[in-house]
Amino acid sequence: MTVRTGDELPPLRIPITRTLIVAGALASRDYQDVHHDAEAAKEKGSPDIFMNILTTNGLVGRYITDHFGPRARLRKVAIRLGAPNYPGDEMVLTGKVTSVAEGMAEVAVIGKNGIGHHVTGTVTVRLASDAPKTTTAPKTATALTSSTPTTPDAPR
């Protein structure tokens, strides 16, 4: 893949569901009630539960690796949150390559929802063409030192 400064990534549309918000909070071990309990969120001044930063961070990372491929490696993700992601909304991630040098690209990322900018930031990614090549290790003969069968269920 050829990457040039100024390249725009295609947008990624993400429906913001209650399930996504709660699952993201649980997966990142963020048990703050504002991410899963609508009544508690309302008591604290929010109209509903809202997405946590770790879920947003993961979605930004997914956006970049979906574009550059599974061998691309995230080197730095620097984001800032703005408008909350509430259930029933949609976040649209967009990105633009701001620099390319020595096998690395920097991408400016924006995630907009119905309120405004949910996330802004930059991601530095090592491009796949510079990923280390994998090789198969040569096969070597090994001797069994035990008379115990080597099946998956047998103790060793």
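Our structure's up above, just so we're on the same page.
All of the points below concern the structure found in this document. Computed from a predicted model, the values in this text were never measured in an experiment.

**Let's talk about the nonpolar core**
Ile64, Phe68, Leu93 and Val109 are the most contacted members of the largest nonpolar core, which totals 24 residues. Of all the secondary-structure elements, those providing two or more residues to this core are β1 (8–15), α3 (53–68), β3 (90–101), β4 (104–112) and β5 (117–126). Here the element with the most residues in this core is α3; it accounts for 5 residues. Not counting the four nearest positions on each side in its chain, Ile64 is found in contact with Leu9, Leu74, Val107, Val109, Val123 and Val125.

**Section: helix α1 (residues 18–27)**
Restricting attention to buried positions, one finds in α1 the residues Ile21, Gly24 and Ala25. The buried residues of α1 occupy an angular sector of 100° when the element is viewed end-on, so they sit on one face. In α1, those exposed residues whose orientation departs by more than 90 degrees from the buried face are Thr19 and Ala27. Positive phi shows up at Arg29, right after α1, with a value of about 60°.

**Things to note about the pairing of β5**
Direction of pairing for strand β2 (residues 73–81) relative to β5: antiparallel, over a ladder of 8 bridges. The partner of Lys76 across the bridge, within β5, is Thr124. Summarising the sheet, β4 and β5 pair through 9 bridges and their orientation is antiparallel. Bridge pairing in β5 links Glu106 to Thr124.

**Examining the sheet that holds β3**
Across the sheet, which stays open at both edges, the 5 strands sit in the order β1-β3-β4-β5-β2 with antiparallel pairing between neighbours. Looking along the sheet, the strands with just one partner apiece sit at the ends: β1 and β2. Neighbouring strand axes in the sheet, compared pairwise and without regard to direction, differ in orientation by 20° on average. The strands touched by α3 within the sheet are β1, β2, β3, β4 and β5, with β2 carrying the most contacts at an inclination of about 135°.

**Comments concerning the pattern of salt bridges**
Under the criterion given, the structure shown has 4 salt bridges. Between Lys44 and Asp33 there is a salt bridge, with its nearest N and O atoms 2.8 Å apart. Separated by 11 residues along the polypeptide, Lys44 in the loop between α2 (38–43) and α3 and Asp33 in the loop between α1 and α2 bring together distant segments of the chain. What makes Lys44 exposed here is its relative accessible area of 54%.

Definitions and limits used
Residues numbered from 1 in each chain as written. Predicted model: local features only at pLDDT ≥ 70, side-chain atom pairs only at ≥ 80, totals over all residues. Heavy atoms only, no water. Core = buried A, V, L, I, M, F, W, Y, C linked by side-chain atoms within 4.5 Å. Buried < 20%, exposed > 50% of the residue type's maximum accessible area, 1.4 Å probe, protein only. Helix = DSSP H or I, 4+ residues; strand = E, 2+ residues; numbered from the N terminus. Contact = heavy atoms within 4.5 Å. Arc of directions from axis to C-beta. Pairing = 2+ DSSP bridges. Axes fitted to C-alpha atoms, helices over the stretch in contact; angles between N-to-C directions. Salt bridge = Lys/Arg side-chain N within 4 Å of Asp/Glu carboxyl O.

Note that all results are geometric; they support no functional claim without further evidence.
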